[in-house]
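Spelled out from the first residue to the last, the chains are:
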Amino acid sequence: MTRIADLLVIGTSVDPHIASVLRRLRPNVNVCRFNVDEYPKDTQVAIELSGHQARVVIQDIDRNSWDVTNPGVFWFRRLGKPGISHQMDPDYKDFCIGEIEQTIEGLASIIRPQYYLNDLWSTRLASNKLRQYSFATRCGLRMPSSMVTNSPQSFLEWSPNDAVVAKSLSRPLLTDQQSSRGRTFAYTHKISPADINEIQGIANTPVQFQALVEPAYELRVTSLEGNHYAVAIDSSKAPQSKRSRYDWRAVATECSYTSATLSQYSSECLSRLLERLGLTFAASDFIVDTSGNEWFLETNPNGAWLWLESFVEEFCFTDILADFIDTILQSIRD
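Residues numbered from 1 in each chain as written. Predicted model: local features only at pLDDT ≥ 70, side-chain atom pairs only at ≥ 80, totals over all residues. Heavy atoms only, no water.

### A closer look at the sheet that holds strand β18 (residues 281-289)
Picture the strands of a sheet paired through backbone hydrogen bonds; they go either parallel or antiparallel.
Alright, step 1. With antiparallel pairing, five strands are arranged side by side in an open sheet as β17-β16-β15-β18-β19. Each of the sheet's edge strands pairs with one partner strand only, and the pair in question is β17 (256-260) and β19 (294-300). Taking each pair of neighbouring strands and ignoring which way they run, the sheet shows an average axis angle of 25°.
Alright, step 2. Looking at chain direction, β18 and β19 are connected through six bridges and run antiparallel. Within the sheet, the bridge partner assigned to serine 284 lies in β19 and is threonine 299.
Alright, step 3. Against the sheet, helix α8 (residues 264-277) contacts β15 (215-224), β16 (227-234), β18 and β19, and its axis sits at roughly 25° relative to β19. (Pairing = 2+ DSSP bridges. Helix = DSSP H or I, 4+ residues; strand = E, 2+ residues; numbered from the N terminus. Axes fitted to C-alpha atoms, helices over the stretch in contact; angles between N-to-C directions. Contact = heavy atoms within 4.5 Å.)

### Notes on the pairing of strand β14 (residues 207-211)
Alright, step 1. Among the five residues of β14, five are classified as buried, and the element is accordingly described as predominantly covered.
Alright, step 2. When strand β9 (residues 146-149) meets β14, the two strands line up antiparallel, connected through four bridges. Each bridged residue has a counterpart across the sheet, and for valine 148 the counterpart in β14 is glutamine 208.
Alright, step 3. In this structure, strand β10 (residues 164-167) lies alongside β14, joined through four bridges in antiparallel fashion. (Buried < 20%, exposed > 50% of the residue type's maximum accessible area, 1.4 Å probe, protein only.)

### Details of the sheet that holds strand β5 (residues 53-59)
Alright, step 1. The sheet built from four strands is open, its strands ordered β1-β6-β5-β4 with mixed pairing. A single partner strand is all that each edge strand has here, and the edge strands are β1 (2-4) and β4 (44-50). Pairwise comparison of adjacent strand axes, ignoring direction, gives a mean angle of 25° for this sheet.
Alright, step 2. In the packing of helix α2 (residues 93-110) onto the sheet, the strands contacted are β4 and β5, and the crossing angle to β4 comes to about 55°.

### Structural notes on the pattern of salt bridges
Opposite charge on two side chains permits pairing when their charged atoms draw close.
Alright, step 1. Scanning the model with the defined rule gives nine salt bridges in all.
Alright, step 2. Note that aspartate 15 is salt-bridged to arginine 78, the shortest N-O span being 3.7 Å. One end of the pair, aspartate 15, is in the loop between β2 (7-11) and α1 (16-24); the other, arginine 78, is in the loop between β7 (73-76) and α2, and 63 residues separate them in sequence.
Alright, step 3. Residue classification places aspartate 15 among the buried residues on the basis of a relative accessible area of 6%.
Alright, step 4. Residue classification places arginine 78 among the partly exposed positions, given a relative accessible area of 28%.
Alright, step 5. Its salt-bridge partner being glutamate 105, residue arginine 124 comes within 2.9 Å of it at the nearest N-O pair. Placement of the pair is arginine 124 in helix α3 (residues 120-126) and glutamate 105 in helix α2, with a sequence separation of 19 residues.
Alright, step 6. Taking the relative accessible area as the measure of exposure, glutamate 105 reaches 18% and is therefore buried.
Alright, step 7. Within the structure, one salt-bridge network assembled from shared partners comprises Asp15, Arg77 and Arg78. (Salt bridge = Lys/Arg side-chain N within 4 Å of Asp/Glu carboxyl O.)

On their own, these measurements won't tell you what the molecule is for.
Here it is, written out as structure tokens:
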């Protein structure tokens, strides 16, 4: 028996945010959870096209069959590596990955939900940092001056002084477990005189540089359809040896967390940015300097929030998101 999905979620089986939200939904919600890391090994997809008509059916890992052609809500959480059978001939792996990616992208494009909680294409475009930055300044957000280059000469001509940091553009993971170095991260790093002496090394890959903003504290702002929920992060209590790395993520469990409020001006600018990027949900990072100025750093359409709930009792974004989905579905039924 094939059931109509009220909610279609595309993500991964190891994402605790999805499970946390689904546990809080009303029990009568028909949820199809499509975990990319289980497809195609443990999950089946059938996309039927006939004239102007399309039908998309997913059979999940528990052998439940779901019609996801017109779900009430489509929540695109994130992509991941596909679940390819170990019996697959390695010679054909790259070909199969290409077919899998085309199918997932096509599925997300063909379905016609009544409400998008982010969609694949907007999320993909919004994830590009340089595109974000160009929109952010147009939307009125204050940003540190930046340069992305693999030209040592361009960097030396641009760098206004020694108060500059280097940051990753894509993701902070530098090497994984398969590397001889193990799992390492490219955290935000203040450029030192020794780095300047080795600046020729950037010729191998583009590097993002930003003027350093000395933080009084930082803000993590989790947004849902124009509402912004802020938590202040203070890394000053972390060990001094680690604090110099200018990245609270390196000492996340040693920071202090408190509820906070993003200013009305920055909130309005952030709302404009997320609307411009086509995002319903995002997690954004700000630095608040010693003068109280709020500096936008980036926004993440796949951002995490559960760890904030473990530190700040009144931060209950999981409940907010689950209630939001329930309300949307109820309005569709009515």
